[in-house]
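Here is how the chains run, residue by residue.
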Amino acid sequence: MELIVRGLTKRYQNRPVVNNLSFRLYPGINGLLGANGAGKTTLMQMLCGVLRPTAGSVSLDGVDVASEDYRAALGYLPQNFGYYPEFTGMDFLLYLASLKGLSKGHAKRRAAELLEMVGLADMAKKRIKTYSGGMKQRLGIAQALLNDPRLLIVDEPTAGLDPKERVRFRKLLAQLGQDTIVLLSTHIVSDVEHIAGRMLMMSSGRFIMDEPWDKTRTDLEHLFLEEFGGMEE
Amino acid sequence: MDQKLKKELFSAFEAPKPVKKDAFLRTHRRREMGNLRWLLTQVGYIRWYIWLGSVGVFLLMLILGRAAEPRDFWTVTSLTPLLALLAVSEGSRSRRHGMDELELACRMPVGAAVLARMTALGLFDLVLLGAAAPVLGSWAGRRTLEAGVYLLTPYLLTAALDMELSRRFRGTVGLMYSAAAAGAVYALGIWIPGDRLYRAEALPLWWGALVLTLAAVVFETYKTVERREILQWS
């Protein structure tokens, strides 16, 4: 399984925000680090097909990003997302499951399973507006996994999670990373340094680092601060 | 084949248990729902009070039509912009509530879901207007077709304006502008004297306006669905 990105570029008013990126991703956890404005979210949006690139192509096992088959294999957690105010947690998952093309029966089973996995089973029938920030984030993670994605793109997934929840999330990702291509964008170095098999660091629309990552290395924070100084969020 | 032999063959050659069934099935991404069933599922996500509001506007038209003075009778058609506003507001909901990015990353084309919902509401409104036309027409001593033109034209004009405004302006701002456009069409129907607007000589102009507004709605619907497929990056 392989995600191939060729010459991916996004310009806004002639300013390149993502600048001619070419890379391949394989099953495993791929960490994406960078300061604010580096282009991480724009890159992720293009990899998910929600933003049209100015140039370049994205394909998963030869299937183009614009096709239904690509989105069938995709799970995405955006940095910020909303919800319809009348939705409960279960309603939210069932609605997105319908947009992912899952049958009602399968969707109900899968939603119940995921709510249990992210510790929201008790909150399933409560309205999302009553959820804390961490609960909303966990719900977001659950929706990204509804369709057993082969490509999972998560943008700042641990925002709002307490340390215990972050550890739980890292364990979940580590399990998924065996059969799934995971691209995890974060400002929090500790989220990725112990689970990622590959590290990408982005600045001004380009990769300044793209190398396999040895989990025993402890200098990632040092590298990050060296590159971005005190700009971490 | 001999039944006994068949039974013995089955027991002798038991099929092996499936191995990695889930992994195998995951590689074959068949849709779990047919197109029609999926579209009907999306229609089910239209909020119940939108349907109720549409029926409410229809009943209000009949009540006001019954109570109005003959010279003010056709001002009831000015209520049809409210129907259009309700229908178009469903189409722009996901942007208002920040759900668009999640929806766009899903397998099924979101544009089709939006189109299904707006079409369902549009057809429902047509049924309501179709039911109102003969009733209002008979009360006013006009033909059903003529009454239909008076009802449909402001509806289509508002729908086209609201779709354009919802595309140009995000979130609640888009909804407010759409509501203002509906209000403006409503006000136009009230402000222009009824005896001038609804006289027999003006009917050809009404037919022309109907054709133009229908074309505008088709165009705006196409642009709305097209725009929904790709996030507007700002």
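Keep in mind that this is a model prediction, so the values were computed, not measured. (Residues numbered from 1 in each chain as written. Chains lettered and ligands numbered in written order. Predicted model: local features only at pLDDT ≥ 70, side-chain atom pairs only at ≥ 80, totals over all residues. Heavy atoms only, no water.)

Next up on the list: the overall build of chain A. Looking only at helices and strands, one finds eight helices and 10 strands in chain A. Its C-alpha atoms give chain A a radius of gyration of 17 Å, near enough to 17 Å, the size a compact globule of 233 residues would have. Overall, the C-alpha framework of chain A stretches about 45 × 40 × 35 Å when taken along its three principal axes. Burial statistics for chain A: of 233 residues in total, 56% are counted as buried. As presented, chain A carries roughly 9700 Å² of accessible surface, and 48% of it is formed by carbon and sulfur atoms. Between the centroid of the 29 positive side chains of chain A and the centroid of its 27 negative side chains there is a distance of 7 Å. (Helix = DSSP H or I, 4+ residues; strand = E, 2+ residues; numbered from the N terminus. Rg over C-alpha atoms; globule rule 2.2 N^0.38 Å. Buried < 20%, exposed > 50% of the residue type's maximum accessible area, 1.4 Å probe, protein only. Areas by Shrake-Rupley, 256 points an atom, 1.4 Å probe, with all protein chains shown as cover. Lys, Arg positive; Asp, Glu negative; His and termini not counted. Charge placed at Lys NZ, Arg CZ, Asp CG, Glu CD.)

Here we come to the pairing of strand β3 (residues 28-34) of chain A. All names here are of chain A. Burial runs high along β3: seven of the seven residues are buried. As judged from the six bridges shared by β3 and strand β8 (residues 181-186), these two strands associate in the parallel manner. Looking across to β8, one finds that Leu-33 is bridged to Thr-186. The sheet contact formed by β3 and strand β9 (residues 198-203) spans five bridges and is parallel. By the bridge assignment, Asn-30 is partnered in β9 with Arg-198. (Pairing = 2+ DSSP bridges.)

Summed over all chains, the structure comprises 14 salt bridges over all chains. The partner of Arg150(A) in a salt bridge is Asp61(A), with the nearest N and O atoms 2.6 Å apart. Note that Arg150(A) is positioned in the loop between α5 (133-144) and β7 (151-155) and Asp61(A) in the loop between β4 (55-60) and β5 (63-64), a separation of 89 residues in sequence. According to the relative accessible area criterion, Arg150(A) is partly exposed, its value standing at 22%. Two residues, Glu146(B) and Arg142(B), come together in a salt bridge whose shortest N-O distance is 2.5 Å. (Salt bridge = Lys/Arg side-chain N within 4 Å of Asp/Glu carboxyl O.)

All names here are of chain A. Look at Asn-14: it is not a glycine, yet its phi comes out positive at around 65°. For Asn-14, the position within the fold is in the loop between β1 (3-12) and β2 (15-25). Asn-14 gets classed as exposed once you look at its relative accessible area, which sits at 72%. Unusually for a residue other than glycine, Asp-61 sits at a positive phi of about 50°. Under the relative-accessibility criterion, Asp-61 is labelled partly exposed at 40%.

Attention now moves to the environment of Ala73(A). Among the structural elements, Ala73(A) can be located in the loop between α2 (68-72) and β6 (74-77). Sequence-wise, Ala73(A) and Pro149(A) are 76 residues apart; in three dimensions their C-alpha atoms are separated by 4.8 Å.

Under the counting rule described, the total for this entry stands at 13 aromatic pairs over all chains. Pairing Tyr95(A) with Tyr45(B) gives two aromatic rings, centres 4.7 Å apart and planes at 75°, and the pair type is edge-to-face. Highlighted residues: Tyr95(A) in helix α3 (residues 89-99) and Tyr45(B) in the loop between α3 (35-43) and α4 (48-67), drawn from two different chains. Taking the relative accessible area as the measure of exposure, Tyr45(B) reaches 23% and is therefore partly exposed. Taken together, the aromatic side chains of Tyr84(A), Phe87(A), Tyr95(A) and Tyr45(B) make up a single cluster linked through ring pairs. Positioned above the aromatic ring of Tyr84(A) is the side chain of Arg93(B), whose terminal nitrogen or guanidinium carbon lies 4.2 Å from the ring centre. (Phe/Tyr/Trp six-rings, centres within 6.5 Å; stacked < 30°, edge-to-face > 60°. Lys NZ or Arg CZ within 6 Å of the ring centre and 35° of its normal.)

In this section: the nonpolar core. Phe92(A), Leu93(A), Leu96(A), Leu139(A) and Leu173(A) are the most contacted members of the largest nonpolar core, which has 52 residues in total. At the level of elements, β3, α3, α4 (104-117), α5, β7, α6 (163-176), β8 and β9 of chain A are the ones that each hand at least two residues to this core. A per-element tally of this core places α3(A) first, with seven residues. Dropping the residues within four chain positions of it, Phe92(A) is found in contact with Phe81(A), Gly82(A), Tyr83(A), Phe87(A), Ile128(A), Leu139(A), Gln143(A), Met99(B) and Leu102(B). In terms of nonpolar packing, the next biggest core, distinct from the first, is built from 40 residues, Leu62(B), Leu83(B), Met118(B) and Ala159(B) among them. (Core = buried A, V, L, I, M, F, W, Y, C linked by side-chain atoms within 4.5 Å. Contact = heavy atoms within 4.5 Å.)

In short, shape yes, function no, at least from these values alone.
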